[in-house]
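# Working through the structure, step by step
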Amino acid sequence: MIYFLTSSTCMPDSPALNPVNGFVEELQKALPKLCRALFICADPDQPSLTYGFAEDMRDSFAEIGVSFTDVTVLERANQDQCAELVAGAGFIALAGGHVPTQNAFFRDISLRECLRNWGGVLMGVSAGSMNSADLVYAQPEEPGEAIDPDYQRWLTGLGLTKHNTIPHYNQDKDWLLDGLRLYEDITYADSIGHRFWVLVDGSYILGRDGREELRGEAYLIENGSIRQISREGEVIPI
C-alpha cells in the first residue's frame, strides 16, 4: 500500500488538487491512469458530503490524468459490502469529518482488517488521516468535548502508521473550545508522553515500502511544547 495522509488535498477555495510539496506529482506516480475509486464516509448516516467530495475528486483527478472508472461511496446502506468494495478498489479515500464518528464506523465495518493485505493507494483527508494511526488521538473539536470527562481522546485506528497527525494548524491554531485554547490548554497537555505531527493544509505524510516521509510545513508537539520541524518544499524522513 501507498498512502497519503493529508490535512487538505485541495487548493484554497477550489476542489483542484494542490500541487505544493509534490503532492500531485506523487499521486501521478502512484496511481494508474485508470482505476476504481472507493470513498469511505466520515459519517455513514449523513453521506451527502462524501458524495459531493467524491464527485469533486473525480473531476480533480481527471485533471491530473487519473480517471476513475467507477466511484463508490461506502456508507451505512452498503457497509456489509466493505470487504468486497475494498478488494475491488485501486484507490481509497478516507473523507474528513468528526474523528470519533468516523472511527466508530471504521470499527463497525472492520476496515482495519479489510485493509491488512490491500495493495492500492490510499488518501486520508483530515479526520481520515488521524484515524489512520494505530492509536488515534481524537483532538476535541465539538463544543463540550474538551470538558467532558467521558470523551475518549484515544481510540484504536487503522494501524497504517504509528504517527498521530493533527490537520489544519494554519486554520485552528488560535481556536477556542469550551473556553480553552485548543492547543495551549488542551493539546499540549495531551502530548505528555506522546508525539503529534501537526500539519498545515498542503502538507502530508507519504508512506510507501515501509518508509514514511513528511512533506511540507509541519510542527511537532511533544511533552507540552511545540517546534517547527519542516518548511514548505522540504522532505524529511520520520
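Structure first, text after, so check above.
This is a predicted model, so every value here is computed, not measured.

Conventions used here
- Each residue is numbered by its place in its chain's sequence as written, counting from 1.
- Restriction of local features to residues with pLDDT of at least 70 applies here, the model being predicted, together with a cutoff of 80 or more for giving and counting side-chain atom pairs; totals for whole chains, interfaces and linings are based on all residues.
- Derived side-chain values reflect all non-hydrogen atoms in the structure, with water molecules and hydrogen atoms excluded from consideration.
- Throughout, the protein atoms alone are placed on a 1 Å grid, and a set of points is a cavity if a 1.4 Å probe fits but cannot get out or a pocket if it is open with protein on both sides within 12 Å along at least five of seven lines; lining residues have an atom within 4 Å of a point.
- Grid points are joined across faces, edges and corners, and a volume is the space filled by probe spheres set on the points.
- Runs of E in the DSSP output that reach at least two residues are strands. Runs of H or I that reach at least four are helices, and both are numbered from the N terminus.
- When residues are grouped by polarity, Ala, Val, Leu, Ile, Met, Phe, Trp, Tyr, Cys and Pro land in nonpolar, Asp, Glu, Lys and Arg in charged, and all others, Gly among them, in polar.
- Contacts were defined at the residue level, with two residues in contact if any of their heavy atoms lie within 4.5 Å.
- Whether a residue is buried, partly exposed or exposed follows from its accessible area with a 1.4 Å probe, protein chains only, as a fraction of its type maximum: under 20%, in between, or over 50%, in that order.
- Charge assignment in this entry is limited to Lys and Arg as positive and Asp and Glu as negative, and neither His nor the chain termini are counted.
- In what follows, salt bridge is the name for a side-chain nitrogen of Lys or Arg lying within 4 Å of a carboxyl oxygen of Asp or Glu.
- In the analysis that follows, any N or O atom pair within 3.5 Å is treated as a polar contact, provided that within protein one partner can donate a hydrogen and the other can accept it, and provided that, for residues neighboring in sequence, both atoms belong to side chains.
- In this scheme, strands are said to pair when DSSP sees at least two bridges between them.
- Angles here are taken between N-to-C directions and fall from 0 to 180 degrees, while the axes themselves are lines fitted to C-alpha atoms, restricted in helices to the stretch in contact.
- The criterion for an aromatic pair is that two Phe, Tyr or Trp rings (for Trp, the six-membered ring) have centres within 6.5 Å, with stacked assigned to planes under 30 degrees apart, edge-to-face to planes over 60 apart and tilted to the rest.

### Description of the layout of surface pockets
- If you add up the space inside the largest pocket, you get close to 360 Å³.
- Along its surface, the largest pocket is lined by 16 residues, and Leu49, Thr50, Ala95, Gly96 and Gly97 are the ones closest to its centre.
- When residues of the lining of the largest pocket are assigned to their parent elements, the largest contribution, four residues, is made by helix 2 (residues 48-63).
- Here the lining of the largest pocket is built from residues that sort into six nonpolar, nine polar and one charged.

### Describing the environment of isoleucine 40
- Mapping isoleucine 40 onto the fold places it in strand 2 (residues 34-40).
- Isoleucine 40 sits 39 residues away from methionine 1 along the chain, and the two C-alpha atoms are 17 Å apart.
- Once residues within four sequence positions are removed from consideration, isoleucine 40 is found in contact with Thr50, Leu74, Ile92, Ala93, Leu94, Ala95, Phe105, Phe106, Ile109 and Leu111.

### Overview of the side chain of glutamate 145
- As for its placement among the helices and strands, glutamate 145 is situated in the loop between strand 6 (135-137) and strand 7 (154-156).
- Put simply, glutamate 145 is tucked away with no salt bridge, and the nearest opposite charge, on arginine 153, sits 8.2 Å away.
- Within the structure, the side chain of glutamate 145 is placed 2.9 Å from the backbone nitrogen of glutamate 141, a separation counted as a polar contact.
- Leaving out residues up to four positions away in the same chain, glutamate 145 has contacts with His98, Pro140, Tyr151, Arg153 and Asp178.

### Digging into unusual backbone geometry
- Within the chain, serine 126 stands out as a residue other than glycine whose phi angle is a positive 55°.
- With respect to the secondary-structure elements, serine 126 resides in the loop between strand 5 (121-125) and helix 6 (127-130).
- By relative accessible area, which is 11% here, serine 126 ends up buried.
- Phi is positive for aspartate 178, close to 55°, though the residue is something other than glycine.
- Judged by its relative accessible area of 28%, aspartate 178 is partly exposed.

### Some words on the side chain of threonine 72
- Within the secondary structure, threonine 72 sits in strand 3 (residues 67-74).
- Of note is the side chain of threonine 72, whose polar atom sits 3.0 Å from the side chain of aspartate 70.
- Excluding residues that lie within four positions of it along the chain, threonine 72 makes contacts with Ala37, Leu38, Phe39, Asn78 and Leu85.

### Let's talk about the sheet that holds strand 14 (residues 218-222)
- Spatially, 8-11-14-15 is the arrangement adopted by the four strands of the open sheet, whose pairing is mixed. Edge positions in the sheet fall to strand 8 (164-166) and strand 15 (225-230), since each has one partner strand and no second. Here the average twist between neighbouring strands, direction ignored, is 30°.
- Two strands pair when backbone bridges link them, and strand 14 and strand 15 are joined in this way by five bridges, in the antiparallel orientation. Each bridged residue has a counterpart across the sheet, and for tyrosine 219 the counterpart in strand 15 is glutamine 228.

### With respect to the packing of aromatic side chains
- Counted by the stated rule, this structure contains 14 aromatic pairs.
- Centre to centre, the rings of phenylalanine 4 and tyrosine 204 are 6.0 Å apart; their planes meet at 35°, and the pair counts as tilted. Within this pair, whereas phenylalanine 4 is found in strand 1 (residues 2-6), its partner tyrosine 204 is found in strand 12 (residues 204-208), the two being separated by 200 residues in sequence. Just as phenylalanine 4 is buried, tyrosine 204 falls in that class too.
- Among the aromatic side chains, those forming a connected cluster through ring pairs are Phe39, Phe53, Phe61, Phe68 and Phe91.

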